[in-house]
Amino acid sequence: MIPYGRQDITQADIDAVVQVLQSDFLTQGPMVPRFEQCVADHVGARHALAVNSATSALHIACLAVGLGQGDWLWTTPVTFVASANCGLYCGAQVDFVDIDPATYNLCPKALTAKLEVAEREGRLPKVVVPVHLCGQPCDMQAIHQLAQRYGFKVIEDASHAIGGKYRDEFIGNCRYSDITVFSFHPVKIVTTAEGGMATTNDDQLASRMALLRSHGITRDPALMTHEADGPWYYQQIELGLNYRMTELQAALGVSQMTRLDSFIERRHALAQRYDEKLAHLPLSTPWQHPDSYSGLHLYVIRLKLGAIGQSHRQVFEALREQGIGVNLHYIPVHTQPYYSRMGFSAGDFPQAEHYYREAISLPMFQTMSLEQQDQVIAALERALQP
Ligand SMILES: *Cc1c(COP(=O)(O)O)cnc(C)c1O
């Protein structure tokens, strides 16, 4: 089976991890700060905080901006459930904004319309989480302007997007947001097995997230309520969690980051080849906004069902039967049973639901060979034959 995504591990990656295993620190040593500096420098952010997953990063990001009971978090329905769940972890309520049919990202026009209604009803969101689906950045300038007008915080879920750019600047520099979150799950662009990172330019948000990822405990005298009792002393000043990244993960991350540019170049070469070789088929290849340089975590096609004799499901199954590990990103979150129980139903976000009925994620990963890509294309041609 050719998977839809797969990690790229070299001998240098393995050596970096083994070196940590033979060192004094398996956790809370020098590698985590080194990985943080590496990501901060690459994306151009003042601070980067490594944690054990993007889900954890989203959680502490929401806590750091003060999301809590009585507040609302809005995100897109076309995302992984974690982009919405982080609001619920904080006791807030979650709502969704429909997608732009061209980019599949949270639609700024739909957001504007929803904000106007919410302002009249006195239920404006405290946090909006735009998700850079497939690695293509959202219209961050428009979202930022709305954030200033309506006073909400912006947490970018850039789990798909490390190495990508918006208006010629790296995603993660937080020019148009408060915090950006990356994921290092093995299917993503850069991996640490499990892992995540939050970047920000705000000193206070960085300091709060640093506390929250490690029990709310500090050894910094400047943050303590009184002078230290002695050299052993630490204080718990918040209710935090244990969301720390290990040294093994950070070493893998540092090693992977040295190849990030080539990862993205390879993904772009594969995407361009798909674009050309699929052009004759009854499907839409991903449209790229001119402001964006996608990280290309995913390559999503949409079937033109009116021009195909088969259903979406039949095409999907025909691909799987031919050994192509296609996937579907994502089942609209509001249709998940857990969210339906909150009162959401089919029909609430028509563009997202329309997308779901046509989308298929084709294999896309940096170690994919051209032969494997040709296999995918041939299998798709066969699957679409009447
Ligand atoms: C993968 C993913 C996450 C969660 O990442 P983890 O590191 O697995 O917690 C969150 N949001 C999106 C959009 C993702 O793709």
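Residues numbered from 1 in each chain as written. Predicted model: local features only at pLDDT ≥ 70, side-chain atom pairs only at ≥ 80, totals over all residues. Heavy atoms only, no water.

What about the environment of alanine 378?
For step 1, the next point in the chain: The residue alanine 378 is located in helix α13 (residues 370–383) in this model.
For step 2, the next point in the chain: It is 14 Å that separates the C-alpha atoms of alanine 378 and methionine 1, two residues lying 377 residues apart in sequence. (Helix = DSSP H or I, 4+ residues; strand = E, 2+ residues; numbered from the N terminus.)

Let's talk about unusual backbone geometry
For step 1, the next point in the chain: For the bond running from histidine 329 to tyrosine 330, omega is 5°, close enough to zero to count as cis.
For step 2, the next point in the chain: The phi dihedral of alanine 193 is positive, around 75°, even though this residue is not glycine.

Some details on the site of the ligand
For step 1, the next point in the chain: Near the ligand there are 15 residues, and of these Thr55, Asp157, His160, Ser183 and Lys188 occur at the shortest range.
For step 2, the next point in the chain: Taken by itself the ligand offers 380 Å² of open surface, and the protein chains cover 93% of this.
For step 3, the next point in the chain: More than half of the atoms of the ligand fall within 2 Å of the grid points belonging to the second largest pocket.
For step 4, the next point in the chain: Mapped onto the shell around the ligand, the elements with two or more residues apiece are α3 (54–64) and α4 (82–89). (Near = heavy atom within 4 Å. Areas by Shrake-Rupley, 256 points an atom, 1.4 Å probe, with all protein chains shown as cover. 1 Å grid on protein atoms, 1.4 Å probe; cavity = no way out; pocket = protein on both sides within 12 Å on 5 of 7 lines; lining within 4 Å. Sits in = over half its atoms within 2 Å of the grid points.)

Let's talk about the domain arrangement of the protein chain
For step 1, the next point in the chain: Here the protein chain is described as being made up of domain 1 (2–257) and domain 2 (260–383).
For step 2, the next point in the chain: For domain 1 and domain 2, the distance between their C-alpha centres works out to 25 Å.
For step 3, the next point in the chain: Between domain 1 and domain 2, the residue contacts involve 45 residues of the former and 48 residues of the latter.
For step 4, the next point in the chain: Both sides of the domain 1 and domain 2 interface together cover about 4,000 Å² of buried area, and 63% of this is carbon and sulfur.
For step 5, the next point in the chain: Of all residues in domain 1, the largest losses of buried area upon contact with domain 2 belong to Ile2, Tyr4 and Ile189, amounting jointly to 21% of the total for that side.
For step 6, the next point in the chain: Along the contact surface separating domain 1 from domain 2 lie 1 salt bridge.
For step 7, the next point in the chain: Where arginine 167 meets aspartate 291, a salt bridge forms, and the shortest distance between an N and an O atom there is 3.1 Å. (Domains from an automatic or database assignment. Contact = heavy atoms within 4.5 Å. Buried area = accessible area lost by both parts, 1.4 Å probe. Salt bridge = Lys/Arg side-chain N within 4 Å of Asp/Glu carboxyl O.)

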